[in-house]
Amino acid sequence: MRGSHVTYPGARALPAPSLAQLERLLAATFGPALRVVDVSDLAPWAVSRCRLDGAGAPASVIVKWLRDDPNGFRIDPRQIATERAALEFLAAIGFRSSPRSIAADTVAGVVIMEDLAPREPLAERLRRDGAEANMAELLAFARVAGELAAATVGRSADYDAVRASYGDPDPLAGRAMGLGAGWDNTRRAMEACGLAMSGDVAGELASGVETLVASGPFLVLTNGDPQANNIMVGDGGARLIDFETAAFRHALISATWIHVPGPHWITVAPDAMRGGLEDACRRAMSAVIPHAEDDRLFGFGMAAACATLAYERLNRFPRLDARPAGDPSRVQMVAALEAAAAVTARHATLPQLGGWLEGVAAALRRRWPDADVDLAAYPPFTPRR
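Residues numbered from 1 in each chain as written. Predicted model: local features only at pLDDT ≥ 70, side-chain atom pairs only at ≥ 80, totals over all residues. Heavy atoms only, no water.

**Q** What is the right way to read the sheet that holds strand 4 (residues 47–53) from this model?
**A** In a beta sheet, neighbouring strands pair by backbone hydrogen bonds and run either parallel or antiparallel. Ordered by their spatial adjacency, five strands build an open sheet running 3-4-5-7-6, and the pairing between neighbours is antiparallel. Whereas interior strands pair on both sides, the edge strands pair on one side only; in this sheet they are strand 3 (35–41) and strand 6 (101–105). Across the sheet, the mean angle separating the axes of adjacent strands is 25 degrees when strand polarity is ignored. In this sheet, strand 4 lies alongside strand 3 in antiparallel orientation, the contact comprising six bridges. Residue pairing for strand 4: Arg 35 is matched across the bridge by Asp 53. Where helix 1 (residues 19–30) meets the sheet, it contacts strand 3, strand 4, strand 5 (60–65), strand 6 and strand 7 (110–114), and its direction lies at approximately 130 degrees from that of strand 6. (Pairing = 2+ DSSP bridges. Helix = DSSP H or I, 4+ residues; strand = E, 2+ residues; numbered from the N terminus. Axes fitted to C-alpha atoms, helices over the stretch in contact; angles between N-to-C directions. Contact = heavy atoms within 4.5 Å.)

As structure tokens, this is what we get:
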């Protein structure tokens, strides 16, 4: 870690935090006698675990800093400020399923937080032991997503005040998930393949987007990346991490992982599991958000979140089309489209959009024979690589 540098566009290179810098930040919380006795990098992320020695200090803490990422994540110091603000806000309202913020230097792009070890990311458990062995942990993830919604609904102004105290947020934090800037390019690419949207399909897509943007009674804080690698399990419960693009968004955006494979997976939970996971999230949400009990509102929101996410994934079509046969991202694309179409059918809504997504998946199976596979033969949570 020492001597390495992390860069982001348009700004100076930022060094990884030194021991002296970490001790100076931690001293404000635990006193000047505190010492950092060991630093272990948690590759491949710009994250370290630091062991501490000092009265009243925990045995260890987690440190995050800026990094050089071609995808544009955590390259802007405002993302560190967002994480700090989100964790402080959640602690202030009594939400306990996230780490506690301990110290931060938002100018230098460093945040120090509670170490959740020996908990580990659910994604690691799924890769190691499979979904069946982690059903309790998956249910805990679903419940926490609903609990976060219930804890934060109606509190956007409170969060905005905390976030504003650290300056303006970066554009990623304000972006509604599933609503990508490349949508027009995707539409044109699909038209070139003979997969133009009809007026009815476009109308349903627009309706889904409008619902997600407006959010209404479902406007809640989300961490910005609701995936199994960002939920820590191991104590019978679950703790959410990675709030660097946190913002108030439609609650059901945080439940898309139940149905649509995220970046790390080709498949997710099988059909028999998905209903139970969705119900667990919905019950937790309904404790405070009565609109979640309305089958029509909940079903439309869930279908809209999944369908728009799948549509955004199509932004990657030109890149996947240029890749060699056998690239697992092609199978993942087909799986995501078919999964989203299945959600529209499950909730009996957005039928034209669901049918179009299913048609695109069928066309991609023909275009990419290597992706024309029986997805039911894949184990749940099959990694993409």
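Further notes follow.
**Q** Whenever I open this one, the environment of Arg 384 confuses me. Can you help?
**A** Tracing the backbone shows Arg 384 in the segment after helix 13 (351–367). The spatial distance from the C-alpha of Arg 384 to the C-alpha of Trp 257 is 15 Å, given a sequence separation of 127 residues. Non-local contacts of Arg 384, meaning those with residues more than four positions away in its chain, are made with Pro 263, His 264, Trp 265, Ile 266, Arg 316, Pro 328, Ser 329 and Gln 332. Engagement of the side chain of Arg 384 in a polar contact is seen with the backbone oxygen of Pro 263, the distance being 3.4 Å. (Polar contact = N/O pair within 3.5 Å; in protein donor to acceptor, adjacent residues only side chain to side chain.)

**Q** Honestly, the packing of helix 8 (residues 199–214) against helix 13 in this entry has me stumped. Any pointers?
**A** For any two helices packed against each other, one specifies the crossing angle of their axes together with the interaxial distance. Two elements in contact, helix 8 and helix 13, have axes separated by 8 Å at closest approach and are oriented at 110 degrees. Taken together, helix 8 and helix 13 sit at an angle that is classed as roughly perpendicular. Seen from helix 8, the contacting residues are Asp 200, Val 201, Glu 204 and Leu 205; seen from helix 13, they are Pro 351, Gln 352, Leu 353 and Trp 356. Residue composition of the contact of helix 8 with helix 13, by class: five nonpolar, one polar and two charged. (Parallel < 35°, antiparallel > 145°, perpendicular 65-115°, else oblique. Nonpolar A, V, L, I, M, F, W, Y, C, P; charged D, E, K, R; others polar.)

**Q** Would you take a moment to explain the packing of aromatic side chains for this structure?
**A** For any pair of aromatic rings, the description consists of the separation of the ring centres together with the inter-plane angle of the planes. Tallying each qualifying case throughout the model produces seven aromatic pairs. With 4.0 Å between their ring centres and 10 degrees between their planes, Phe 141 and Trp 257 make a pair best called stacked. Here Phe 141 is found in helix 4 (residues 135–152), whereas its partner Trp 257 is found in the loop between strand 12 (247–250) and helix 9 (271–286), with 116 residues between them in sequence. The burial state of Phe 141 is the same as that of Trp 257; both residues are buried. Residues Phe 317 and Trp 368 carry aromatic rings whose centres are separated by 6.0 Å and whose planes lie at 25 degrees to one another, so their mutual orientation is stacked. One end of the pair, Phe 317, is in helix 11 (residues 317–321); the other, Trp 368, is in the segment after helix 13, with 51 residues separating them in the sequence. (Phe/Tyr/Trp six-rings, centres within 6.5 Å; stacked < 30°, edge-to-face > 60°. Buried < 20%, exposed > 50% of the residue type's maximum accessible area, 1.4 Å probe, protein only.)

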